[in-house]
Amino acid sequence: FATSQSDNSPLRQSAEESCEEFYDVHQQSDRQVALSINGHNPQLLVNLYGFLDKSRNGIAAHSPAPVQLNHRWCASTGAPWIHVHVTDKHTSPPEFRHLYTERLSIMARTYLVNDHVHSYPSPA
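Draft legend 1. Expanded view of the overall build of the chain. Each helix and strand counted, the chain has three helices and four strands in total. Expressed as lengths along the three principal axes of its C-alpha atoms, the size of the chain is roughly 45 × 45 × 25 Å. Taking all 124 residues of the chain together, the buried fraction comes to 28%. Contacts spanning at least 24 positions in sequence make up 30% of the contacts within the chain whose residues lie at least 6 apart. Separation between the mean location of the 9 positive side-chain charges and that of the 12 negative ones in the chain comes to 8 Å.

Draft legend 2. Focus on a nonpolar patch on the surface. A cluster of nonpolar side chains, Leu44, Val46, Leu48 and Val67, forms an exposed patch at the surface whose accessible area comes to about 290 Å². The element that contributes the greatest number of residues to the nonpolar patch is strand β1 (residues 44–48), accounting for three residues. Relative to the helices and strands, Leu48 is located in strand β1.

Draft legend 3. Examining the pairing of strand β3 (residues 84–88) more closely. Counting buried positions along β3 yields five of five residues, so the element is predominantly enclosed. Side chains Val84, Val86 and Asp88 project from β3 onto one buried face, and the interleaved His85 and Thr87 project onto a second face that is buried too. When strand β2 (residues 67–71) meets β3, the two strands line up parallel, connected through two bridges. Counted as the bridge partner of Asn70 is His85 from β3. Bridging between β3 and strand β4 (residues 103–107) involves five bridges; their strand directions are parallel. Bridge pairing in β4 places Thr87 opposite Ile106.

Draft legend 4. Summary view of helix α2 (residues 30–38). Along α2, the residues that are buried comprise Val33, Ala34 and Ile37. One side of α2 carries all its buried residues, which in axial view fall inside an arc of 100 degrees. Those residues of α2 hidden inside the fold are in contact with β1 and α3 (57–61).

Draft legend 5. Representation of the nonpolar core in the model. In terms of nonpolar packing, the biggest core is built from 10 residues, these being Val25, Val33, Ala34, Ile37, Leu45, Ile59, Ala60, Ala65, Ala79 and Ile82. Those residues in contact with Ala60, other than ones at most four positions away along the chain, are Leu45, Gln68, Trp81 and Ile82.

Draft legend 6. Quick look at the pattern of salt bridges. Tallied over the full model, the rule gives three salt bridges. Each member of the salt-bridge network shares a partner with another, and the members are Arg12, Glu16 and Asp24.

Quick notes on the rules
- Residues numbered from 1 in each chain as written.
- Predicted model: local features only at pLDDT ≥ 70, side-chain atom pairs only at ≥ 80, totals over all residues.
- Heavy atoms only, no water.
- Helix = DSSP H or I, 4+ residues; strand = E, 2+ residues; numbered from the N terminus.
- Buried < 20%, exposed > 50% of the residue type's maximum accessible area, 1.4 Å probe, protein only.
- Contact = heavy atoms within 4.5 Å.
- Lys, Arg positive; Asp, Glu negative; His and termini not counted.
- Charge placed at Lys NZ, Arg CZ, Asp CG, Glu CD.
- Patch = residues over 30% accessible without salt bridge, like charges linked within 9 Å, V, L, I, M, F, W, Y side chains within 5 Å.
- Areas by Shrake-Rupley, 256 points an atom, 1.4 Å probe, with all protein chains shown as cover.
- Salt bridge = Lys/Arg side-chain N within 4 Å of Asp/Glu carboxyl O.
- Pairing = 2+ DSSP bridges.
- Arc of directions from axis to C-beta.
- Core = buried A, V, L, I, M, F, W, Y, C linked by side-chain atoms within 4.5 Å.

These values are about where atoms sit, not about what they do.
Structure below.
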């Protein structure tokens, strides 16, 4: 479910071509997207971006999946409809666990994996 308009980048085109099913829902309301997601009976919804400019947190607020996970956001959402927060012990030290509304899923090394090899052209 793509909630942002295509930028026609190679990365977006690859995502569209690599999925068995790909739905461009960027023009639909949060409620419409949530109903569409729920219609596919997902077990897990991964909410990306937290409160950044690309976020569509209203979709998760409609609870389209029984388990909803926050990823790529370094703090608690404070949202009761987000159940799990993917993090690491450096970003979310265990002594601050009580400050999160979500259950913490602590990754061994880092919660955020980046691959800049595919993001930037090689130097000439």
